[in-house]
Structure formats: structure tokens, C-alpha cells
Amino acid sequence: MTETHIGPSGSDIAIADNAIVPEDIKGEIDQFMQDGFIGPIKLYEPDEAAEILREVRVKNQDTTHSVFHNSMNYDRHLDIPELSRHVTHPTILKYLNAILGPDVLSWRTEFFAKFPGSRGTEWHQVRDYSYATGKPQLLPTKSDWNAYIDITVWTTFTPATKKTGCMRFVRGSHRDRIFDESKSPARGRESRYENDHETTFTKDTGFYGYDFSDFAVDPNWEPRPEDVVDVEMQPGEALIFTASCVHGALPNITERDTRFAITSRYVPTHVRVYPDQDAYTAHGQDFDLKDYGTVVVSGRDTFGHNRIRTTNAHGEPFAVKNTH
């Protein structure tokens, strides 16, 4: 079964030259470079996580100030204060600075609810997010691509267990191109799905209506069992990973327990986000970028590639970590 190596033995995969790696997490960063993911990392006490979840659920119902008026719930950190604070959590930034360097943008947040009876999320691997539209949504300008350009922080606010559908990874797979986003999938890029978003996400392929096997370099690829890691987590804990590491989730086999997580995604400031796009259509939804902006969460932006939001929809400034 073939795999496409990214550089000689993955030699071009490296954290940023100016990464700030505190001694107390050096071992974790070394593990991240080896495996492509680390965690669980505690961000909140369980009661804090429960309170944030309650506030998010209530405020999610009011989309008056949301950037995108569709069912995807992208980028609600731009209008829900609890999420505005979450994307700049000091512990998150500590790890990001150790991977991406001092100057970091938040470019996307998403909700991931796995409802009782939902199918597992199939194996997938993402680099520039062109799988969704055929056009890259991220484009580095200072360096070539490597696995550590885009970093995801996946935070669960409910128990994430093997029964509720915890995350799973293929250890070390970020060194290989197992899925190729430049390929044209058999389905998933339609302007509208036949089913509504929730049905498609929870009952169909488990990944927004895409069959990610359409992107496989080798249609017969299967991970080695010894490389698969299922990560169970408690409310308030986070995983940090590169989307270039093949990942997915188990099915939710419970009758009444919903697993709810929020991802926040980050890039160094030299990356162009949604390059040359004023709008796009993905997952059967339309995204008008006129009110969208990235958020500098650490350091400063000296490139000027992207529109920057300094406050959320309520005029509250985002906390920016000073790294200079």
C-alpha cells in the first residue's frame, strides 16, 4: 500500500525557527513532532467547562451578530464572548508559540457535536482545506508547506469516550500524504446537499457529506492497528494536532449522551487565509466573507495579508499575548 512521503523521511517537517518552547513542555512538543498530536491538555475544570457550554448553547441561538448566516456555526468566537476568550486561552497560546512561533492568527472555529447514534467520522487528512471547494483556503507566503502550518485545538466540553465518539489518530501519519485534496471527489462539492446539514453530518458519511476515501492516494490504504490511538477525554480538556495527521472519531453508540467539542484553528501570520476570495460555498452552505476577519491572538501581524478583527461583535477586544 503506497504512501507519498513529504520530503526525505519527512525532513521538511519542522516547528517554526522562532518557536518559543518552554522547558516544561519541551517533552510534549517533541512528542507532537513525532506523533502529529498531543493531549489531553487541561484547559478548564469540569464545572468551568459545563458553564461555558451552557452559555454557548444559549447564545448560539442568537445569530444576529454571527458572521455567517447559515447552519454551520463557523467562527462564533467573533460574536460569542465565551468563545472570544477561549481562542486566546493562555495555555493554548503557550503551545501554539512552541509550534508556530510568536506571531499567530486564529482563523476559524467550529462546533463538533456527535449525537447519540451518529456514525463515526471517517479517516481524513487536511492541509490547505481545498477539499471543500477545490481552492486552497490557506496559503503560506514565508515558507513552503509543512505539517505545522495549521494547528487545530480540539476542546471537549462533555466527556469524549469510546462510547460517545472520542477522537482518534494515526500516529506519525503527518509525514505522509495519504489523502490528496487536489483530487475531485465523487460527492461533497455540490452547491446544495440532498439532505439537510445535520442529517448529512450525523447519518451519512460522518464528514459533511464528503466520502473522504475519494481523496485517498491509495484506495486500499488502511492504518496499521498499532498506529491507531483513541483519545478519551474529560470535559475541559483539549487535543492539539496538525490536520496533516490522519484523524477521525468513533461513533456515538449511546442512547442519550451528546459529545460536544469546539475546534479553534490557528496559523502563523504569514499565511494568507481565503486567498483571493470574497465568498465561497462549502458543505452545501454559502459563506460571505465581508464581515469575516482573522484574529491576532499572539504577537503581531507584520505581513498585512489578511483582514484583522481586533474586537468581537460586542466591541470587546480580543486578548493578544505580547511575545515581543
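Located above this text is the structure these notes cover.
Summarised in this report is the structure supplied together with it. (Residues numbered from 1 in each chain as written. Predicted model: local features only at pLDDT ≥ 70, side-chain atom pairs only at ≥ 80, totals over all residues. Heavy atoms only, no water.)

Glancing now at the overall build of the protein chain. In terms of regular secondary structure, the protein chain is built from five helices and 16 strands. Per-residue burial for the protein chain yields a buried fraction of 56% across its 324 residues. When contacts within the protein chain are restricted to residue pairs at least 6 apart in sequence, long-range pairs at least 24 apart make up 82% of them. Accessible area of the protein chain: about 14000 Å², with a carbon and sulfur share of 47%. (Helix = DSSP H or I, 4+ residues; strand = E, 2+ residues; numbered from the N terminus. Buried < 20%, exposed > 50% of the residue type's maximum accessible area, 1.4 Å probe, protein only. Contact = heavy atoms within 4.5 Å. Areas by Shrake-Rupley, 256 points an atom, 1.4 Å probe, with all protein chains shown as cover.)

In this section: the sheet that holds strand S11 (residues 247–249). In spatial order, the strands read S4-S11-S7-S9; together these four strands make up an open sheet with antiparallel pairing. Two strands bound the open sheet, and with one partner strand each, they are strand S4 (121–124) and strand S9 (228–231). Each strand of the sheet is rotated relative to its neighbour by a mean of 20°, with strand direction disregarded. Here strand S7 (residues 167–170) runs beside S11; their pairing, made up of three bridges, is antiparallel. Residue pairing in the sheet places Phe169 in a bridge with His247 of S11. (Pairing = 2+ DSSP bridges. Axes fitted to C-alpha atoms, helices over the stretch in contact; angles between N-to-C directions.)

Considering the arrangement of structural elements, one finds Val21 in the loop between strand S1 (4–5) and helix H1 (26–35). The class of Val21 is partly exposed, set by a relative accessible area of 33%. Here the alpha-carbon distance between Val21 and Leu96, two residues 75 residues apart in the chain, equals 9.4 Å. Ignoring any residue separated from it by four or fewer positions in sequence, one finds Val21 in contact with Ile15, Lys26, Ile29 and Ala98.

Following the sequence through the fold, Ser130 ends up in the loop between S4 and strand S5 (138–139). The exposure class of Ser130 is buried, given its relative accessible area of 6%.

Look at H1 against helix H4 (residues 90–99): their axes get within 11 Å of each other, and the N-to-C directions meet at 60°. Taken together, the axis directions place H1 and H4 in an arrangement best described as oblique. For the crossing formed where H1 meets H4, the hand is right-handed. In this structure, H1 contributes Glu28, Ile29 and Phe32 to the contact, and H4 contributes Tyr95, Ala98 and Ile99. Among the residues forming the contact of H1 with H4, the class breakdown is five nonpolar, no polar and one charged. (Parallel < 35°, antiparallel > 145°, perpendicular 65-115°, else oblique. Left-handed = near helix turned anticlockwise from the far one by under 90°. Nonpolar A, V, L, I, M, F, W, Y, C, P; charged D, E, K, R; others polar.)

Turning to the environment of Ala147, a few remarks are in order. Its place among the elements puts Ala147 in the loop between S5 and strand S6 (151–156). If we skip the residues at most four places from it in the chain, Ala147 touches Ile13, His174, Thr242 and Ser244.

This next bit is on the packing of aromatic side chains. Under the counting rule described, the total for this entry stands at 14 aromatic pairs. Relative to Tyr292, the ring of Tyr274 lies with its centre 5.2 Å away and its plane at 80°, an arrangement referred to as edge-to-face. Placement of Tyr274 in the loop between strand S13 (272–273) and strand S14 (279–282) and of Tyr292 in the loop between strand S15 (285–288) and strand S16 (295–298) is noted, with a sequence separation of 18 residues between them. Each member of the pair Tyr274 and Tyr292 is classed as buried. In textbook terms, an aromatic cluster arises when at least three aromatic residues are bridged by ring pairs, as seen for Phe68, Tyr74, Trp107, Tyr129, Tyr274, Tyr280, Phe287 and Tyr292. (Phe/Tyr/Trp six-rings, centres within 6.5 Å; stacked < 30°, edge-to-face > 60°.)

Turning our attention to the sheet that holds strand S12 (residues 259–268). Taken together, the six strands give an open sheet; going across it, the order is S2-S10-S6-S12-S3-S16, and neighbouring strands pair in antiparallel fashion. Here the strands that pair on one side only, and so sit at the sheet edges, are strand S2 (37–42) and S16. When strand polarity is set aside, the average angle formed by the axes of neighbouring strands in this sheet is 30°. Relative to S12, S6 runs antiparallel, the two being bridged by six bridges. In the strand pairing of S12, Trp154 is matched with Thr263. Contacting S2, S6 and strand S10 (237–242), H1 crosses the sheet at an angle of about 140° to S2.

A word on unusual backbone geometry. Omega for the peptide link from Gly39 to Pro40 comes to 5°, which places this bond in the cis form. Position of Pro40 relative to the elements: it lies in strand S2. Look at Asn73: it is not a glycine, yet its phi comes out positive at around 60°. Mapped onto the secondary structure, Asn73 falls in the loop between helix H2 (46–59) and helix H3 (81–86).

Let us look at the side chain of Thr109. In this structure, Thr109 sits in strand S3 (residues 104–114). A polar contact is formed between the side chain of Thr109 and the backbone nitrogen of Arg76, at a distance of 3.4 Å. Of note is the side chain of Thr109, whose polar atom sits 2.8 Å from the side chain of His77. Aside from chain neighbours lying at most four places away, what touches Thr109 is Asn73, Tyr74, Asp75, Arg76, His77, Val87, Thr263 and Ser264. (Polar contact = N/O pair within 3.5 Å; in protein donor to acceptor, adjacent residues only side chain to side chain.)

The values are spatial; any link to function lies outside them.
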